Amino acid sequence: NKVNPSYTVTVYVNDGPQNAYERVAAATNALHRSGSGSALLGQNGHVFVQLSNGSITTYLGFYGDQPSQGGPIRIEPYLAERGWHVKKTYPISSSGYHAAFQIAERWNTDGRHWATTHNCGDFAEAVVRAAGVDLVGLPCGVWAGHRPGLWAAYLRRTGGQSRR
């Protein structure tokens, strides 16, 4: 399982709105997108991953069971362009790359829907760990799994690149 510099996994975090104006805009956008009253999604931020083999790059995020919005796992390159506050790239092996895709494909096949302990941050953790990355010190919230704010703080503390 030799690390190949062509193979990478990147964690992107939008740690949520930072002021009152951003919070109102995020809640409005989330309500408009979901149509189901899930304004908290926009309030809490989002964690998603990028998997690359040097030729093909795929961005994946978990949204729970929202079939009308594209399903629970979505490919989301537009967020990588402007929808993040901090990111970190890890080199991985070819086998780690394939293992990460396998776990992403199996995620949410257990019938569990989005929950505070089964969310986008937990999805990112599963994919990154499957890729072979040791996330030493990644905090877990008591009631909210690996939520975006915890991921953002972790990435900043461990050398992530910040947009702010």
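Remember, predicted model here, so these are calculated numbers, not experimental data.

### Here we look at the overall build of the protein
Within the protein one finds six helices and six strands. Starting at the N terminus, the α and β elements of the protein follow one another as β-α-α-β-β-β-α-β-α-α-α-β. Buried residues in the protein amount to 49% of all 164 residues. Across the protein, the fraction of contacts at a sequence separation of at least 24, relative to all contacts at a separation of at least 6, is 68%. Taken as a whole, the protein presents about 8,500 Å² of accessible surface, with 54% of it coming from carbon and sulfur.

### A look at the environment of Val-9
Mapped onto the elements, Val-9 comes out in strand 1 (residues 3–14). Each C-alpha atom, one on Val-9 and one on Ser-93, is 9.9 Å from the other, the two residues being 84 residues apart in sequence. Not counting chain neighbours up to four residues away, the residues in contact with Val-9 comprise Val-49, Gln-50, Leu-51, Lys-88, Thr-89, Tyr-90, Ile-92, Val-128, Ala-131 and Val-133.

### Overview of the pattern of salt bridges
Per the stated rule, a full pass over the model turns up two salt bridges. Here Arg-156 makes a salt bridge to Asp-15, at a shortest N to O gap of 3.0 Å. Of this pair, Arg-156 sits in helix 6 (residues 148–157) while Asp-15 is found in the loop between strand 1 and helix 1 (20–34), placing the two residues 141 residues apart along the sequence. With a relative accessible area of 35%, Arg-156 lands in the partly exposed category. On the basis of relative accessibility, which here comes to 17%, the residue Asp-15 falls in the buried class. When the shortest N-O distance is used, the salt bridge between Arg-129 and Glu-125 registers 2.7 Å. One end of the pair, Arg-129, and the other, Glu-125, are both in helix 5 (residues 120–130), four residues apart, so they sit about a helical turn from each other. Taking relative accessible area as the criterion, Glu-125 reaches 16% and is therefore assigned buried.

### Overview of the packing of aromatic side chains
Counted under the stated rule, the structure contains seven aromatic pairs. Aromatic side chains Tyr-12 and Trp-84 sit 5.7 Å apart centroid to centroid with 70 degrees between the ring planes, which places their arrangement in the edge-to-face category. Placement of Tyr-12 in strand 1 and of Trp-84 in the loop between helix 3 (77–82) and strand 5 (86–93) is noted, with a sequence separation of 72 residues between them. Here Tyr-12 and Trp-84 have matching classes, each one buried.

### Here's the deal with the packing of helix 4 (residues 94–106) against helix 5
Where helix 4 contacts helix 5, the two axes come as close as 7 Å, and the packing angle between them is 150 degrees. As far as their axial angle goes, helix 5 and helix 4 are roughly antiparallel. Crossing angle aside, the handedness with which helix 4 passes helix 5 is right-handed. On helix 5, the residues that touch Gly-96, Ala-99, Ala-100, Ile-103 and Ala-104 of helix 4 are Phe-123, Ala-126, Val-127 and Ala-130. Of the residues that constitute the contact of helix 4 with helix 5, the class distribution is eight nonpolar, one polar and no charged.

Rules of the game
Residues numbered from 1 in each chain as written. Predicted model: local features only at pLDDT ≥ 70, side-chain atom pairs only at ≥ 80, totals over all residues. Heavy atoms only, no water. Helix = DSSP H or I, 4+ residues; strand = E, 2+ residues; numbered from the N terminus. Buried < 20%, exposed > 50% of the residue type's maximum accessible area, 1.4 Å probe, protein only. Contact = heavy atoms within 4.5 Å. Areas by Shrake-Rupley, 256 points an atom, 1.4 Å probe, with all protein chains shown as cover. Salt bridge = Lys/Arg side-chain N within 4 Å of Asp/Glu carboxyl O. Phe/Tyr/Trp six-rings, centres within 6.5 Å; stacked < 30°, edge-to-face > 60°. Axes fitted to C-alpha atoms, helices over the stretch in contact; angles between N-to-C directions. Parallel < 35°, antiparallel > 145°, perpendicular 65-115°, else oblique. Left-handed = near helix turned anticlockwise from the far one by under 90°. Nonpolar A, V, L, I, M, F, W, Y, C, P; charged D, E, K, R; others polar.

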